[in-house]
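Chains, contacts and geometry: an overview
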Amino acid sequence: MRNRSLVGLSTALTGAALAVAAILPAPAGAADFGGKTIEFVVPFPTAGGSDVWARFFAPFLTEALPGKPTVVVKNVPGGGSITGTNQFVQRAKPDGLSILGTSGSTQLPYLLDDPRVRYELKDLIPVLVSPTGGVVYVNPELGAKDARDIPKLRGKKMKYGSQGPTSLDLVPVLAFEIMGLDVDPVFGLARGPARVAYERGESLIDYQTSSAYLRNVVPLIKIGKAVPLFSWGVLNDKGEFTRDPTFPDLPHFAEAYEMAYGKKPSGTAYEAYKAFVVAGFAAQKPIFLPKGTPQDVVDTYVQSLAKVVKTPSFKEKAGDELGEYEQAVGPAAREAMRVALTIDPQAKAWVKDWLTRRFNVKFEAK
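To keep things clear, this report deals only with the structure shown in the data block. (Residues numbered from 1 in each chain as written. Predicted model: local features only at pLDDT ≥ 70, side-chain atom pairs only at ≥ 80, totals over all residues. Heavy atoms only, no water.)

**Some remarks on unusual backbone geometry**
Residues other than glycine seldom take positive phi values, yet K68 does so here, at roughly 50°. You can see K68 is positioned in the loop between α3 (49-64) and β2 (70-75). What makes K68 partly exposed here is its relative accessible area of 48%. Despite not being glycine, N360 shows a phi value in the positive range, around 60°. (Helix = DSSP H or I, 4+ residues; strand = E, 2+ residues; numbered from the N terminus. Buried < 20%, exposed > 50% of the residue type's maximum accessible area, 1.4 Å probe, protein only.)

See below:
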């Protein structure tokens, strides 16, 4: 099994800066949002990574969009983001006053043919894509101090708060299995509530995407209540996993596996893991406009977001809030989403079979 999307997505994201630089100043006929309120729909609860990300972007959008409209983040949680995304697709008007911010937890159920999904992501219009990473951490009482101690965790039963088996949490749950850890997912918890459950001692292992990890988990590490083990890593221009630039001192998953067991991970499960890391993280948080949005409105958003990601204040704050990742705007965002939504058929088939065997997930025939 070979995931041909690895190099393609890496190339798309590497080219994001060039694409942004090539975008011209907003045309005279740009849409004007003066006196308007824009609803930024986030299909997740507050305090999670997607909520942190959206609330970071909202004031920058207010300043950059013509007319300086009010941008209000509206959380519509449920179904691991499926509820709010379904609702957006059904109700949002293509007038530029409703935008959608999703995550890998929205993309993976779509890719896995989850019967609850009523949205067609390829019909939506991506204007920005934020790559992100994530870090796995454990309770220090388990005795692990870094990735080399992962073998000490084997045989210890650990609860893990998870959104659901077909959500983005597929990636960590599969990673835990490859690592040989005895992790018992408790489904129905979005990432914010899952972190709260960890803080209460109800779970012993957790992961958060970069934005939530930087804001909410780093303080736990500083006071000795969490031990980071590894990140998911990022792709280089050859499609190879390397250390996440936001967490350069942490090994990525494959590196951590080798540190723990003295050999590189391999096999069908690992190939499937790689495919879904790309789909879930390398193009993790897109901003979408509804299908049918007029081109002048799309162009205005692209021009405004290109302006946002180049402003000194954004660059100064983004590293601490979102991580050290290149933002893809306009054409680069579309290409990133195209590749992220093109999953290796063998990886997809293997994961669906594994989910059925492991968690009794039923899939509709396609």
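**Notes on the environment of G161**
Position of G161 among the secondary structure elements: in strand β6 (residues 158-162). Using a relative accessible area of 3% as the deciding quantity, one classes G161 as buried. For the pair formed by G161 and K291, sequence separation is 130 residues and the distance between their alpha carbons is 34 Å. With sequence-adjacent residues up to four places away left out, G161 is seen in contact with D169, V186, L189, R191, A194, S203 and D206. (Contact = heavy atoms within 4.5 Å.)

**Notes on the sheet that holds strand β5 (residues 134-138)**
Taken together, the three strands give an open sheet; going across it, the order is β8-β5-β9, and neighbouring strands pair in antiparallel fashion. Of all the strands in the sheet, just β8 (205-209) and β9 (227-231) have a single pairing partner and so form its edges. Recorded for the sheet is a direction-independent mean angle of 30° between the axes of neighbouring strands. Of the pairings in the sheet, the one linking β5 to β9 comprises four bridges and is antiparallel in character. Bridge pairing in β9 links V136 to F230. (Pairing = 2+ DSSP bridges. Axes fitted to C-alpha atoms, helices over the stretch in contact; angles between N-to-C directions.)

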